[in-house]
Amino acid sequence: MPITTHFSTELLIYIYMFTHKHKHIQSHKQMASSLPVDSTHRPHIVLFPFMSKGHTIPLLHLARMLVTRGITVTIFTTKANKPFIAQVLETCPDGNSISIIHLPFPNNIEGIPHGIESTDKLPSMSLFPQFVIATKHLQPHFEMSLKNLGNVTCIVSDGFLSWTLASANKFGIPRLSFYGMNAYSGAVQHSVNVNQSLWGPESDDGLITVPGFPWIQITRNDIDYPFTQRNPSGPFHDFIMESIASSVNSYGTIVNTFHELEPRFIDYINRKMKPTPWCVGPLCLAEPFGCSDKQPNGSNSSKWITWLDQKLLQGCSVLYVAFGSQAEISTQQMEAISKGLEQSEVNFLWVVRNCESNVLSELGDKVGDRGMIVTEWVNQMEILKHESVNGFVSHCGWNSVLESICAGVPILAWPMMAEQPLNARMVVEEIKIGLRVETCDGSVRGFVKADGLKKMVKELMEGEKGKEVRKRVKEVGAAAKAAVADGGSSWRTLNELINEVESVRNKGKSDGEM
Ligand SMILES: O=c1ccn([C@@H]2O[C@H](COP(=O)(O)OP(=O)(O)O[C@H]3O[C@H](CO)[C@@H](O)[C@H](O)[C@H]3O)[C@@H](O)[C@H]2O)c(=O)[nH]1
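Residues numbered from 1 in each chain as written. Predicted model: local features only at pLDDT ≥ 70, side-chain atom pairs only at ≥ 80, totals over all residues. Heavy atoms only, no water.

### Comments concerning the site of the ligand
For step 1, the next point in the chain: In the region of the ligand, 21 residues are neighbours, and Ser-325, Val-378, Ser-400, Glu-403 and Glu-419 sit closest.
For step 2, the next point in the chain: Here an oxygen atom of the ligand and a side-chain polar atom of Gln-420 are 3.0 Å apart.
For step 3, the next point in the chain: Burial of the ligand by the protein chains amounts to 98% of its free accessible area of 680 Å².
For step 4, the next point in the chain: The leading source of residues in the shell around the ligand is helix α14 (residues 398-407), at 4 residues. (Near = heavy atom within 4 Å. Polar contact = N/O pair within 3.5 Å; in protein donor to acceptor, adjacent residues only side chain to side chain. Areas by Shrake-Rupley, 256 points an atom, 1.4 Å probe, with all protein chains shown as cover. Helix = DSSP H or I, 4+ residues; strand = E, 2+ residues; numbered from the N terminus.)

What follows is the structure, given as structure tokens:
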């Protein structure tokens, strides 16, 4: 099974939901609203993130947004993931309204080493199917805890944890599913799928015009395996179908986007998606951008922030390079990145996961103080927000794109897997906040040579096109902030959602569901 399969699940789920079109048009899209202030009764929302950083982090941001609205939040996770969650929420001003409950992650799952409870720690992403199926063993523990919790307004569960729907139904609690994607990638994928456009061209690089969006052209290479196949099957397919079924039967879906960013695509999913999507992002704006990584020695600044401070004092612009929490990059490609960064002559901060070769130490020796290479976990938002950072080479994981938008930093898009090729098209062609790396054969999934990287890095950091996208990303960043500020579109939608699940829950209680 290809290592990237699991994230494509999100795409198929969208497809299925779209194909079950419903007519439920919600008033929340138009109405401003505010939350009821009732000191005797606080809504209580349970969050259950999937054990993968790209899925967990946005739900922790949602937790912040909820507690600042006077809502009590309980987060479910597993023991090994609890410290990360606790650390992310450490700076939350209303942190005492958040509880974390950890459940025992199952042992003896074939292929999963003992103690590995997060996908970014898996020895290989090919173990993803076993990992995700193992989470089903959490169900009895989850239900026991839910029983003890008592009054819960709703459960926001990652879509991959499909079994939480059965738990929610047992207790008569509305469930909302969360997928970390935008509306663009879902809408494009749906459109080419229902219109069977993917199987037109002979080549995987042949252009396909997207029905309903005639200005967009994609290739089969923009879509991940197995969704390029006509008849996907097997245990992984079964897992997908379960996730789909549970999402379709949930109360709603939370989407990490905002209306002003992609109105045409949000309108599309509003019309065709079941259950109702609620666009409440960018969730990363719940995070206080000014906070620093806490260091073990008690100092407030990490070595990379200190280095960025120095670059700022020297009047240098810095390129940030990072590919999310779990991209697997070949040694050959790492060598080309290294050479490209060296030859580009820009100042760079490269955050690397899982590099076993000596590429990094050699690069460090060659570039000296011009570059910093970090292999630890960083506070990415803090880096992007740093005044010296003026460009981001990114795999276009949706969280990274949103964080870059909010920090006003243009992107050099280098998609690697999952829905990232579609996100990259959105970034470059639709919202025009970035440029794209050049692959050696022009294919979406082609190898990027040092020259191709160097050329586009220079264009982003010093060229005219770089200037244009830098200006544009700042405008989009301002719109993002307005969306989550009081009275903004996402602010209103989140308030309306809370009001709605509260009344649904109260009605359920008065009808004797509990
Ligand atoms: O050292 C690090 C590394 C990562 N991050 C954060 O980790 C998250 C990573 O998320 P993302 O940029 O979306 O990348 P992935 O981890 O690759 O995300 C997965 O999940 C996303 C949301 O579903 C999808 O868009 C991607 O395709 C999929 O790979 C972001 O919030 C980063 O700020 C850090 O804070 N520090």
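### Structural notes on the packing of aromatic side chains
For step 1, the next point in the chain: In this structure the tally under the stated criterion is 19 aromatic pairs.
For step 2, the next point in the chain: Their ring planes at 70° and their centres at 6.5 Å tell us that Phe-128 and Phe-239 sit as a pair that is edge-to-face. On the criterion of sequence distance, the pair formed by Phe-128 in helix α4 (residues 128-134) and Phe-239 in helix α8 (residues 235-248) is long-range, its members being 111 residues apart. For the pair shown, Phe-128 and Phe-239 are each scored as buried.
For step 3, the next point in the chain: Where Phe-160 meets Phe-239, the ring centres are 5.9 Å apart and the plane angle is 65°; that geometry is what we call edge-to-face. In this pair, Phe-160 is assigned in the loop between β4 (154-158) and α6 (164-170) and Phe-239 in helix α8, connecting sequence segments 79 residues apart.
For step 4, the next point in the chain: Ring pairs connect the aromatic residues Phe-50, Phe-105, Phe-128, Phe-131, Phe-160 and Phe-239, which therefore count as one cluster. (Phe/Tyr/Trp six-rings, centres within 6.5 Å; stacked < 30°, edge-to-face > 60°. Buried < 20%, exposed > 50% of the residue type's maximum accessible area, 1.4 Å probe, protein only.)

### Concerning the sheet that holds strand β5 (residues 175-179)
Adjacent strands of a sheet form backbone hydrogen bonds with each other and so pair up, either parallel or antiparallel.
For step 1, the next point in the chain: Overall, parallel pairing links the 7 strands, which are arranged β3-β2-β1-β4-β5-β8-β9 in an open sheet. A strand with exactly one partner marks an edge of an open sheet, and here the two such strands are β3 (98-103) and β9 (276-279). The mean inter-strand angle of the sheet, taken between neighbouring strand axes irrespective of direction, is 25°.
For step 2, the next point in the chain: For strand β2 (residues 72-78) and β3, the ladder comprises 6 bridges, and the chain directions are parallel. Each residue of the ladder has a partner; that of Thr-74, found in β3, is Ser-99. (Pairing = 2+ DSSP bridges. Axes fitted to C-alpha atoms, helices over the stretch in contact; angles between N-to-C directions.)

### Remarks on the environment of Ser-361
For step 1, the next point in the chain: Looking at where Ser-361 falls in the secondary structure, it is placed in helix α12 (residues 359-367).
For step 2, the next point in the chain: Judged by its relative accessible area of 45%, Ser-361 falls in the partly exposed class.
For step 3, the next point in the chain: Placed 296 residues apart in sequence, Ser-361 and Met-65 show a C-alpha to C-alpha distance of 41 Å.

### Focus on the nonpolar core
The tendency in soluble globular proteins is for nonpolar side chains to be buried as a group.
For step 1, the next point in the chain: With 93 residues, the main nonpolar core has Ile-218, Tyr-320 and Leu-349 as its most contacted residues.
For step 2, the next point in the chain: Here this core gets 6 residues from one element, more than from any other, and that element is α14.
For step 3, the next point in the chain: The contact partners of Leu-349, leaving out residues within four places of it in the chain, are Trp-304, Trp-307, Leu-308, Val-318, Leu-319, Tyr-320, Val-321, Met-372, Val-374 and Ile-383.
For step 4, the next point in the chain: In terms of nonpolar packing, the next biggest core, distinct from the first, is built from 31 residues, Phe-84, Leu-89, Cys-92 and Val-156 among them. (Core = buried A, V, L, I, M, F, W, Y, C linked by side-chain atoms within 4.5 Å. Contact = heavy atoms within 4.5 Å.)

### So, the pattern of salt bridges
For step 1, the next point in the chain: By the definition in use, this model includes 16 salt bridges.
For step 2, the next point in the chain: Across the pair Glu-475 and Arg-472 runs a salt bridge whose closest N-O atoms are separated by 3.6 Å. With a gap of 3 residues between them, Glu-475 and Arg-472 both fall in helix α17 (residues 464-484), about one helical turn apart.
For step 3, the next point in the chain: Its relative accessible area of 32% is what places Arg-472 among the partly exposed residues.
For step 4, the next point in the chain: Here the salt bridges do not stand alone but share partners, grouping Asp-222, Arg-425 and Glu-429 into one network. (Salt bridge = Lys/Arg side-chain N within 4 Å of Asp/Glu carboxyl O.)

### A few points about the confidence of the model for the protein chain
For step 1, the next point in the chain: The predicted model of the protein chain has a mean per-residue pLDDT of 88, with 89% of residues at 70 or higher.
For step 2, the next point in the chain: Here residues 18-39 is a poorly scored stretch, pLDDT under 50, and it has 46 contacts once near neighbours within four places are set aside; other chains count.
For step 3, the next point in the chain: Per-residue pLDDT stays below 50 along residues 289-298; that stretch engages in 25 contacts with residues further than four places along the chain or on separate chains. (pLDDT = per-residue confidence, 0-100.)

### Some thoughts on unusual backbone geometry
For step 1, the next point in the chain: A cis amide bond links Gly-281 to the next residue, Pro-282, at an omega of 0°.
For step 2, the next point in the chain: Mapped onto the fold, Pro-282 is located in the loop between β9 and α10 (303-313).
For step 3, the next point in the chain: Located in the positive-phi region is Gln-196, a residue other than glycine, with phi close to 50°.
For step 4, the next point in the chain: Along the chain, Gln-196 turns up in the loop between α7 (183-194) and β6 (208-210).
For step 5, the next point in the chain: In the Ramachandran plot, Cys-396 falls in the positive-phi region, its phi being about 70° despite a non-glycine side chain.
For step 6, the next point in the chain: As for its position among the elements, Cys-396 is in the loop between β13 (389-394) and α14.

### Some remarks on the side chain of His-386
For step 1, the next point in the chain: Residue position: His-386 is located in the loop between α13 (380-385) and β13.
For step 2, the next point in the chain: When neighbours within four sequence positions are excluded, His-386 is seen to be in contact with Ile-305, Leu-308, Asp-309 and Leu-312.

### Quick look at helix α15 (residues 420-430)
For step 1, the next point in the chain: Burial analysis of α15 places 9 of its 11 residues in the buried class, the great majority of the element.
For step 2, the next point in the chain: Buried residues along α15 sit in contact with α7, β7 (213-218), α9 (263-272), α14, β14 (411-413) and β15 (434-436).
For step 3, the next point in the chain: Phi turns positive one or two residues past the end of α15, at Lys-432, with a value near 55°.

### A look at the packing of α7 against α15
For step 1, the next point in the chain: Between α7 and α15, the least distance of the axes is 9 Å, while the angle of their chain directions is 110°. Accordingly, the angle class assigned to the pair α7 and α15 is roughly perpendicular. Side by side, α7 and α15 meet where Tyr-184, Ser-185, Val-188 and Gln-189 of the first sit next to Leu-422, Asn-423, Arg-425, Met-426 and Glu-430 of the second.
For step 2, the next point in the chain: For the contact of α7 with α15, the per-class residue count stands at 4 nonpolar, 3 polar and 2 charged. (Parallel < 35°, antiparallel > 145°, perpendicular 65-115°, else oblique. Nonpolar A, V, L, I, M, F, W, Y, C, P; charged D, E, K, R; others polar.)

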